[in-house]
There are 2 protein chains.
Amino acid sequence: MEGEPTRIMLAVNESTIKGYPNASISSRKAFEWTLQKIVRSNTSGFKLLFLHVQVPDEDGFDDMDSVYASPEDFKNMRHRDCARGLHLLEFFVERCHAIGVGCEAWIKKGDPKEVICHEVKRVQPDFLVVGCRGLGPFQRVFVGTVSEFCVKHAECPVITIKRSAEETPQDPVDD
Amino acid sequence: MEGEPTRIMLAVNESTIKGYPNASISSRKAFEWTLQKIVRSNTSGFKLLFLHVQVPDEDGFDDMDSVYASPEDFKNMRHRDCARGLHLLEFFVERCHAIGVGCEAWIKKGDPKEVICHEVKRVQPDFLVVGCRGLGPFQRVFVGTVSEFCVKHAECPVITIKRSAEETPQDPVDD
């Protein structure tokens, strides 16, 4: 029954408040859940594919106080964004290496929900794991849509791991 | 990392056309997918919990030509329904025993989507697997709602396994 490992794609993002290089609580939760409940001790039976989608607009906000005087400044900024994203992925890849689970990780730019579905189509994982903040009905309208969009549109089975209420940080700076 | 096995609940139903004791294609697909992609060779790491929800109204239709002359007739009919449901579950339990995966199976009566969510709350599986027929937009309005309801309301992660287009039987009698 073994053969090729089961390929699990995980969409991971950075902390909303703290930003890079911190992985969001919901990304880490989805990752740990996958290791504990799916991979378990069968480390050779699975391969984890980490996709991090950088949102160009959000990154722009972080750079409101920066001054760009030359084309090189922009190039440097893009390099820095890329480096930050790599830092984020490093967290997951190091953890996989420590426990002996095969993995791959890469970065794409764009609208997360669109890019995730596009990458599912391209990479064809066996299933997709997405984390999800346990949001109230008001917040859901604006931000709780990536996981819902993927459940509907991704061309593979999708499992959404909700952060439980007690995992919501008291201080949003830790989110 | 092993400890307690991961408890996976699978909601299974009978074939729409052939009825009992045939498991639906989507139930069998969801089951085989779970074995191949999640359980793999780690048979001691997982326990499968099979829930079959019998829909009272649908069963009533099967008995349109029956004549009920005494309270015993009704009792017998209910026994027969139960026996049919057990037959359905036997398929899954026998397969699990053959490959050495621990399992439990039980029957409940009611509205499948409500009962599944209620049983999730009671049994607290690590996640729920539901099969889903790949329906067109017209059919979805009427029947494609159990999996969608569970994704929204079940108090555990839910993974929906869609039957792919090429698995749709040519003859609906095989569905």
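Quick caveat: nothing in here was measured; it's all calculated off a predicted structure.

## With respect to the nonpolar core
Counting 48 residues, the largest nonpolar core has Leu48, Phe50 and Phe127 of chain A together with Leu48, Phe50 and Phe127 of chain B as its most contacted members. The contacts of Phe50 of chain B, once residues within four sequence positions are left out, are Leu10, Val12, Phe31, Leu89, Phe92, Cys96, Cys103, Glu104, Ala105 and Trp106 of chain B.

## Regarding the interface of chain A and chain B
Contacts between the two partners involve 28 residues from chain A, matched on the other side by 28 residues from chain B. Taken over both partners, the interface formed by chain A and chain B buries close to 2,200 Å², and the fraction arising from carbon and sulfur atoms is 53%. Our count for the contact surface shared by chain A and chain B stands at two salt bridges. When the shortest N-O distance is used, the salt bridge between Lys37 of chain B and Asp126 of chain A registers 2.9 Å. Applying the counting rule to chain A against chain B returns ten residue pairs in polar contact (both at pLDDT 80 or more).

## Notes on helix α4 (residues 112-123) of chain B
Residues and elements named next belong to chain B. Across its twelve residues, α4 extends 16 Å between first and last C-alpha, which sits within 8% of the 16 Å expected from 1.5 Å per residue. Buried within α4 are the following residues: Val115, Ile116, Cys117, Glu119, Val120 and Val123. Its buried side turned inward, α4 meets β1 (6-12), β4 (46-54), β5 (102-109), β6 (127-132) and α6 (146-153). After α4 finishes, the residue Gln124 shows a positive phi value of roughly 50 degrees.

## Topic: the environment of Lys109 of chain B
Mapped onto the elements, Lys109 of chain B comes out in strand β5. Residues Lys109 of chain B and His52 of chain B, 57 residues apart in the sequence, show an inter-C-alpha distance of 8.4 Å.

## Some remarks on the packing of aromatic side chains
According to the stated counting rule, one finds ten aromatic pairs over all chains in the structure shown. Judged by centre distance (5.2 Å) and plane angle (85 degrees), the ring pair of Phe31 of chain A and Phe92 of chain A falls under edge-to-face. Residue Phe31 of chain A is located in helix α1 (residues 25-39), and its partner Phe92 of chain A is located in helix α3 (residues 71-99); the two are separated by 61 residues in the primary sequence. Phe92 of chain A carries the same exposure label as Phe31 of chain A, and that label is buried. Residues Phe91 of chain A and Phe92 of chain A carry aromatic rings whose centres are separated by 5.0 Å and whose planes lie at 85 degrees to one another, so their mutual orientation is edge-to-face. For Phe91 of chain A, a relative accessible area of 36% gives the class partly exposed. Between Arg40 of chain B and the ring centre of Phe46 of chain A, over which it is positioned, the NZ or CZ distance is 5.9 Å.

## A word on the relation of the copies chain A and chain B
At an RMSD of 0.0 Å, chain A and chain B line up after a rotation of 180 degrees and a shift of 0.0 Å along the axis. Expressed as a symmetry operation, the mapping of one chain copy onto the other fits a two-fold axis. When C-alpha positions in chain A are compared against the rotation axis, the closest is assigned to Ile159 of chain A, at 2.5 Å. In this assembly, 100% of the residues forming the interface of chain A have copies in chain B that are likewise at the interface, indicating an isologous arrangement.

## Section: the packing of helix α1 (residues 25-39) of chain B against helix α3 (residues 71-99) of chain B
All names here are of chain B. Orientation of α1 relative to α3, taken along the N-to-C sense of each, is 20 degrees, at an axis distance of 12 Å. Between α1 and α3, the crossing angle belongs to the class labelled roughly parallel. Note that α1 runs across α3; the crossing there is right-handed. Here Ser27, Arg28, Phe31, Glu32 and Leu35 of α1 come into contact with α3, specifically with Phe91, Phe92, Arg95, Cys96 and Ile99. Taken together, the residues of the contact of α1 with α3 sort by class into six nonpolar, one polar and three charged.

Thresholds applied
- Residues numbered from 1 in each chain as written.
- Chains lettered and ligands numbered in written order.
- Predicted model: local features only at pLDDT ≥ 70, side-chain atom pairs only at ≥ 80, totals over all residues.
- Heavy atoms only, no water.
- Core = buried A, V, L, I, M, F, W, Y, C linked by side-chain atoms within 4.5 Å.
- Buried < 20%, exposed > 50% of the residue type's maximum accessible area, 1.4 Å probe, protein only.
- Contact = heavy atoms within 4.5 Å.
- Buried area = accessible area lost by both parts, 1.4 Å probe.
- Salt bridge = Lys/Arg side-chain N within 4 Å of Asp/Glu carboxyl O.
- Polar contact = N/O pair within 3.5 Å; in protein donor to acceptor, adjacent residues only side chain to side chain.
- Helix = DSSP H or I, 4+ residues; strand = E, 2+ residues; numbered from the N terminus.
- Expected span 1.5 Å × (residues − 1).
- Phe/Tyr/Trp six-rings, centres within 6.5 Å; stacked < 30°, edge-to-face > 60°.
- Lys NZ or Arg CZ within 6 Å of the ring centre and 35° of its normal.
- Least-squares fit on C-alpha atoms with pLDDT ≥ 70 in both.
- Axes fitted to C-alpha atoms, helices over the stretch in contact; angles between N-to-C directions.
- Parallel < 35°, antiparallel > 145°, perpendicular 65-115°, else oblique.
- Left-handed = near helix turned anticlockwise from the far one by under 90°.
- Nonpolar A, V, L, I, M, F, W, Y, C, P; charged D, E, K, R; others polar.

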